[in-house]
Amino acid sequence: MDWWPLLWSIIKALLIVVFVLANAFLIWVERKIAGRFQRRLGPMRVGRPHGWAQTFADLIKLLSKEDVVPGTAEKWLFLLAPIVAFLPALLVYMVIPFGPTWVVNDLNIGVIFISAVTSFSVLSFFMSGWGSNNKYSVMGAFRAAAQLMSYEVPLVLSMIAVVMLAGSLSLNDIVKAQSIPFVVLQPLGFLTFFIAAVAELNRTPFDLAEAESELVAGYNTEYSGMRWAFFFLSEYANTVSASAIMATLFFGGWRGFLLPLPPVVWFLIKTYIFVFIIMWVRWTLPRVRIDQLLNLGWKLLLPVALLNIAWTGLLGLVFKI
Amino acid sequence: MSSIIADILRSANSIVQGHLVTIREFFQKPVTEQYPDERLPRMEGYRGHPTLLVEPETGRPKCTACGACARACPNNAIELEGMKAEDGRRLPAKYRLDMTRCLVCNLCVEACPFDALAMSREYELVSWDREGLILDMPDLLRAGAKEQGLTYPLPVKAPVVEKEGEKA
Ligand code: SF4
Ligand code: SF4
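Notes on the structure follow.

Cut-offs and rules
- Residues numbered from 1 in each chain as written.
- Chains lettered and ligands numbered in written order.
- Predicted model: local features only at pLDDT ≥ 70, side-chain atom pairs only at ≥ 80, totals over all residues.
- Heavy atoms only, no water.
- Near = heavy atom within 4 Å.
- Nonpolar A, V, L, I, M, F, W, Y, C, P; charged D, E, K, R; others polar.
- Pairing = 2+ DSSP bridges.
- Helix = DSSP H or I, 4+ residues; strand = E, 2+ residues; numbered from the N terminus.
- Contact = heavy atoms within 4.5 Å.
- Buried area = accessible area lost by both parts, 1.4 Å probe.
- Salt bridge = Lys/Arg side-chain N within 4 Å of Asp/Glu carboxyl O.
- Polar contact = N/O pair within 3.5 Å; in protein donor to acceptor, adjacent residues only side chain to side chain.
- Buried < 20%, exposed > 50% of the residue type's maximum accessible area, 1.4 Å probe, protein only.
- Axes fitted to C-alpha atoms, helices over the stretch in contact; angles between N-to-C directions.
- Expected span 1.5 Å × (residues − 1).

### Notes on the site of ligand 2
In step 1: The local shell around ligand 2 holds 13 residues, among which Cys63(B), Cys66(B), Gly67(B), Cys69(B) and Cys112(B) are the closest.
In step 2: Considering only residue class, the shell around ligand 2 consists of eleven nonpolar, two polar and no charged.

Here it is, written out as structure tokens:
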């Protein structure tokens, strides 16, 4: 038997885990960026210069905290929820092409895989919210579920338009099809996708499920220590993966222009630009109300996504793309 | 329909405006002051705790232990005892300022007929316990000398207080 493919898969899987964990540095980056948006300095004390070791300090703090399980919690749901949150965050990276050949598994149904796996995170919100047996948690969970309905449909519809243009569900084929980045051909589709993706990430202005100012911390109110850190890490892993998907679907993924940089560098540049933009949005806009989000999803994003599909069809007819 | 579109455009515009504001702030210099490493310049006329001024010639306190400051103090923060030096001049033997009570009102400085008191410009008055905030004569003289641009004790021969003063 040939062991090489198996070994190679394990190595690739480990590399992905390393990449996701390395993104923990975004904890520090986001605090720095948040500081700069408010003309503060952000963390400065742990590690000179500029408090670069803040992430390690945060993680050590979280690791050394007590792992509290509320007495009335549904134990299994409560304990499993953080893992269920973290797993899809990892799984998404499986199909994302970092470079022409740098992809763990170029599934021919990549787009479907992504939309299936990313909406998984709502399950973990619901598990944690219900399992905590706490009214704030369960309200956060309800909101997460209601939110899912309103953003998932436009999200998937805007992905369908991309698939129509590329003629393939594989992400690598989609990148190869983008001699013109798709954002030029369907800017409306990109906007819809961006807004829906921020809602999917549960980040401000759509962090209704967490909503510190109303629900304490929403679904993760009862979590502490490392379990809470898993929610935290998966939020950052999801932010990066959503940015990577945006870069892949609409901005030509690893394709470069002008500068002859290696494809993976182009990919990372585009991805982290989107990470920055998502943080920029977070530190600019206030949280919307749940009815506003539902209105936005159903009354604006959905028609625009449908319009975008019609537009894409028209493009296909006229230019035979 | 057209009002809906106008609505959408208006909100989109305000969202863009908001982002322009934040990105402008992003590239400005942060206003944070890294406190122990950097300090803000103190304002003109900033008042810290009262201090005892020193006679630059002799290194003795200017104070004559007349007690006017203690009477003027609305909070009874000043406690003092007097004594006579060898040359017959009255000096304070004990002078305690309780900074847990002082409200930095400047009345003692105004009351002093000998201009022996001044407000310092010190703002770092921290201590682990209450006792640390009770300033004794050496503390006050050191702070006063600093306000006068001198270092205390001064390099002059005449010593400040002698032991007899303790009971005076
Ligand atoms: S500043 Fe005011 S409160 Fe403080 S010692 Fe002088 S008179 Fe008393
Ligand atoms: S009023 Fe002036 S001279 Fe009199 S005791 Fe107070 S500090 Fe000394």
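Let's pick the thread back up.
### Remarks on the pairing of strand β3 (residues 90–98) of chain B
All names here are of chain B.
In step 1: Two strands pair when backbone bridges link them, and strand β2 (residues 78–84) and β3 are joined in this way by seven bridges, in the antiparallel orientation. Paired with lysine 84 across the bridge in β3 is arginine 90.
In step 2: The antiparallel hairpin formed by β2 and β3 contains five residues in its connecting segment, where glycine 88 sits at a positive phi of about 90°.
In step 3: Note: β3 against strand β5 (residues 134–135), two bridges, orientation antiparallel.

### Some thoughts on the interface of chain B and chain A
In step 1: The interface is formed by 16 residues belonging to chain B together with 16 residues belonging to chain A.
In step 2: Carbon and sulfur atoms make up 63% of the surface buried where chain B meets chain A, a total of about 1,600 Å² over both sides.
In step 3: Contact with chain A buries area across many residues of chain B, yet His19(B), Phe26(B) and Pro30(B) alone supply 36% of it, more than any other trio.
In step 4: Applying the counting criterion to the chain B and chain A interface returns two salt bridges.
In step 5: Residue Arg39(A) is joined to Glu25(B) by a salt bridge in which the shortest nitrogen-to-oxygen separation is 3.8 Å.
In step 6: The interface formed by chain B and chain A contains nine residue pairs in polar contact (both at pLDDT 80 or more).
In step 7: Residue composition of the side of chain B that touches chain A, grouped by class: seven nonpolar, six polar and three charged.

### Some remarks on the pattern of salt bridges
In step 1: The full count for this structure, using the stated rule, is 21 salt bridges over all chains.
In step 2: Notably, a salt bridge pairs Arg287(A) with Asp207(A), separated by 2.8 Å at the nearest N-O pair. Of this pair, Arg287(A) sits in the loop between α13 (263–282) and α14 (290–319) while Asp207(A) is found in the loop between α10 (187–201) and α11 (212–215), placing the two residues 80 residues apart along the sequence.
In step 3: The exposure class of Arg287(A) is partly exposed, given its relative accessible area of 22%.
In step 4: We note a salt bridge from Arg10(B) to Asp7(B), for which the minimum N-O separation is 2.7 Å. Here Arg10(B) and its partner Asp7(B) are both found in helix α1 (residues 2–26), three residues apart, which amounts to about one turn of the helix.
In step 5: Among the charged side chains, a salt-bridge network with shared partners connects Glu30(A), Arg203(A), Glu235(A) and Arg282(A).

### Considering the sheet that holds β3(B)
All names here are of chain B.
In step 1: With respect to topology, three strands assemble into an open sheet ordered β2-β3-β5, the strand pairing being antiparallel. Two strands bound the open sheet, and with one partner strand each, they are β2 and β5.
In step 2: Against the sheet, helix α4 (residues 137–147) makes contact with β3 and β5, and its axis sits at roughly 95° relative to β3, the strand it touches most.

### Thoughts on α1(B)
In step 1: Across its 25 residues, α1(B) extends 36 Å between first and last C-alpha, which sits within 8% of the 36 Å expected from 1.5 Å per residue.
In step 2: Every buried residue of α1(B) is listed here: His19(B), Thr22(B), Ile23(B) and Phe26(B).
In step 3: The secondary structure elements touched by the buried residues of α1(B) are α2 (25–37) and α13 of chain A.

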